[in-house]
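Observations on chain architecture
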Amino acid sequence: MSIQSKHFLNNPETLVVDSLQGLCTLNPQLSLDEENKVVYISSQDRSKVALICGGGSGHEPAHAGFVAAVCGSIFASPNSSQVRRGIDLVENEKGTVIIVKNYTGDILNFGLAKEQYAAQHPGKADRVKFVIVGDDVAVGKTQGKIVGRRGLAGTVLVYKIAGALARRGASLDEVYSVAEWVASRVGTIGVGLEHCHVPGTAAGPSHLGPAEIEIGMGIHNEPGNRRVSPVPALKDLLPQLVDFLTVTTDPERSFIPFKNDGTDRVVLLVNNLGGVSELELPGVVAEARRVLEAKGVKVERVLAGTFMTSLNMSGFSITTLLLPSPSDPKSEAPDASLVLSLLDEPANVPGWKWASGTTPPRADQIASGAKRQESAVGKGDLVLLHAEDTQAFNAAIERACHALIDAEPEITRMDNIAGDGDCGLTLKAGASAVLKGLKEGRISGDNVVRSVIAIAQVAEEEMGGTSGALYSIFFSALAQGLQTHHAGAQTISHALWAEALGSALRKLYTYTRARPPSRTLVDPLATFIDALVTAKGKHVVVAAKAAGEAALNTRDLEAKAGRSAYVEGDRLREERVPDPGAWGVKAILEGLFER
């Protein structure tokens, strides 16, 4: 079948904002920060925990149809400034839970906003929690060992259950704990007849043959697990999909702890990916329920409709939430009756679909029955810490920036081979902006915490992309570490630098799965920090030299993450080019600790 490439819109560039305006027209409870594309409740009950979500647009009604949401362009994550605005808009007395699907851009930008908020408001750092949902069961464990499972329609069940608990007045830790538990027990598998079309892009050729379907397609046109031809009947297709969800014998795909002994109980969600007719979808519901119960899995609740789409994709996904069993440890799992009651609680939001709130009847019973506020760092919120030698601090920063600028041609050469060619210019832009901050006095050893936050902002705003987000998360976390571990000191010692850098690296690890050796900037960064922590801040020149060697050694490493993971391995081995990002870290450290 051909891809449907015609759309009803004014202009592709205004489509997201036009849609959000329409959503607020439908639901007068909502307000829209148009500049940042944030949808939120106008009169929020600030005595209760808030939920905020978001990501690229094109998945409506997710995300803004369910909870406060920060919306990016179609299939593109919003930037961290938008997310920070969203966090500000839902600020409350108890705290906020951020829920994102497992996609790199979403994790980095929402995570960066969380860390910047914590750096700017250290007294509130523990009042923003972060939940990542990866419920896709199509990607095997080996293939997804670095990036993990994609976030799909199961995310909506996390929104619903956590949101209902928050509305009951639960604490931040209670809401976060339940959200994490639900995220760990959901599995989703999708199937499509064809790719979707992104408005404003040229119409492409048909992706699948006229008699083909693809099992395991992602919600951004990512390829699936396998293609099947001819298009099977539902009674032949659904058993394959259910096996993906319930299997426990396949080491690549045993994600959810089904017992498969007749005691498993689930919530079933059948989701329209955008282009399936209302006539067809209930047929999927009926067949999915029949297949599950034939395997001895009791379906306690059924939800069906359009919850998380991929624009106009002609396809559907099925999700199971495995409910707690009596044998589950009580300290780890909520009671099943609580989970079901939270799911059944009415939701006054446009994205949630009608549900009976009861166990579905058996098949034989059915047959027999007939204005923007700028977010600013409050000076009084930050801990004032001085460098031991202000002039030496400023000079070291200046040297590091010039070293990075001088290294740009070589980093660019490396990245033209091992990446997409922009790493050198990205780092040069960041270094130039830091030099400007030094000249203007915004970065100075007189106030190190403020300076580190300013560098984090430069990384976010001037560098952008994955590198900018990684650097900004690291420096935001470094500002947090300095304030957390200063123990009343006014001047930063070598030991405090080491402790704060160690905590910053641990924070960075929560947003990237890269670990040394990985052929990424993490290799020299971790080498330097680990050496510094071991020496309690002493021997920085030795640590910097070790980091330089780690950067050089990336030329002989297999790419496990980062830009080089997408480059053909034989070419990397032939060229023996170090990782450009790692080389940038080497240049920074050599500039900082030049002797």
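For the structure, check the block above.
Residues numbered from 1 in each chain as written. Predicted model: local features only at pLDDT ≥ 70, side-chain atom pairs only at ≥ 80, totals over all residues. Heavy atoms only, no water.

1. Considering the nonpolar core
- Membership of the largest hydrophobic core comes to 91 residues, with the highest contact counts inside it found for Ile 98, Tyr 471, Leu 482, Leu 525 and Phe 528.
- In contact with Leu 482, not counting residues within four places along its chain, are Leu 385, Val 448, Val 449, Val 452, Ile 492, Leu 496, Trp 497 and Ala 500.
- Judged by nonpolar contacts, the second largest core, of 59 residues, contains Cys 24, Ile 74, Val 131 and Ala 153. (Core = buried A, V, L, I, M, F, W, Y, C linked by side-chain atoms within 4.5 Å. Buried < 20%, exposed > 50% of the residue type's maximum accessible area, 1.4 Å probe, protein only. Contact = heavy atoms within 4.5 Å.)

2. Considering the pairing of strand S11 (residues 298–305)
- Across seven bridges, strand S10 (residues 265–272) lies against S11 in parallel orientation. What sits directly across from Val 267, in S11, is Arg 301. (Pairing = 2+ DSSP bridges. Helix = DSSP H or I, 4+ residues; strand = E, 2+ residues; numbered from the N terminus.)

3. Topic: the side chain of Ser 476
- Among the secondary structure elements, Ser 476 is positioned in helix H13 (residues 465–485).
- Contacts of Ser 476, omitting those with residues within four sequence positions, involve Leu 112, Glu 115, Gln 116, Ala 119 and Ala 456.

4. Some remarks on unusual backbone geometry
- In this structure, the amide linkage connecting Ala 62 to the following residue, His 63, adopts the cis form with an omega of 15 degrees.
- Mapped onto the fold, His 63 is located in the loop between strand S3 (50–57) and strand S4 (68–74).
- Of note, Phe 75 is a non-glycine position whose phi angle comes to about 60 degrees, a positive value.
- Mapped onto the elements, Phe 75 comes out in the loop between S4 and helix H2 (80–89).
- Judged by relative accessible area, which is 22%, Phe 75 ranks as partly exposed.
- Positive phi outside glycine occurs at Leu 311, with the angle close to 55 degrees.
- Structurally, the position occupied by Leu 311 is in the loop between S11 and strand S12 (315–322).
- Here Leu 311 falls in the partly exposed class, since its relative accessible area comes to 22%.

5. What about the state of the cysteines?
- Throughout the structure, instances matching the rule amount to zero disulfides.
- Of all cysteine sulfurs, the one in Cys 53 lies closest to Cys 71, which takes part in no disulfide; the gap is 7.7 Å.
- On the basis of relative accessible area, Cys 71 is assigned to the buried category, the value being 6%.
- Summary of cysteine pairing: Cys 401 is not part of a disulfide, and the nearest cysteine sulfur, belonging to Cys 423, is at 15 Å. (Disulfide = S-S within 2.5 Å.)

6. Details of the packing of helix H10 (residues 390–418) against helix H11 (residues 423–440)
- One can describe the packing of H10 onto H11 by two numbers: an axis separation of 7 Å at closest approach and a directional angle of 165 degrees. It follows that H10 is roughly antiparallel to H11 by the angle criterion. Seen along the crossing, H10 lies across H11 with a hand that is left-handed. Taken together, the residues of H11 that come into contact with H10 (itself represented by Asn 394, Ile 397, Glu 398, Cys 401, His 402, Leu 404, Ile 405, Glu 408, Ile 411, Thr 412 and Asp 415) are Cys 423, Gly 424, Leu 425, Leu 427, Lys 428, Ala 431, Ser 432, Val 434, Leu 435 and Leu 438.
- Class assignment for the residues of the contact of H10 with H11 results in 12 nonpolar, five polar and four charged. (Axes fitted to C-alpha atoms, helices over the stretch in contact; angles between N-to-C directions. Parallel < 35°, antiparallel > 145°, perpendicular 65-115°, else oblique. Left-handed = near helix turned anticlockwise from the far one by under 90°. Nonpolar A, V, L, I, M, F, W, Y, C, P; charged D, E, K, R; others polar.)

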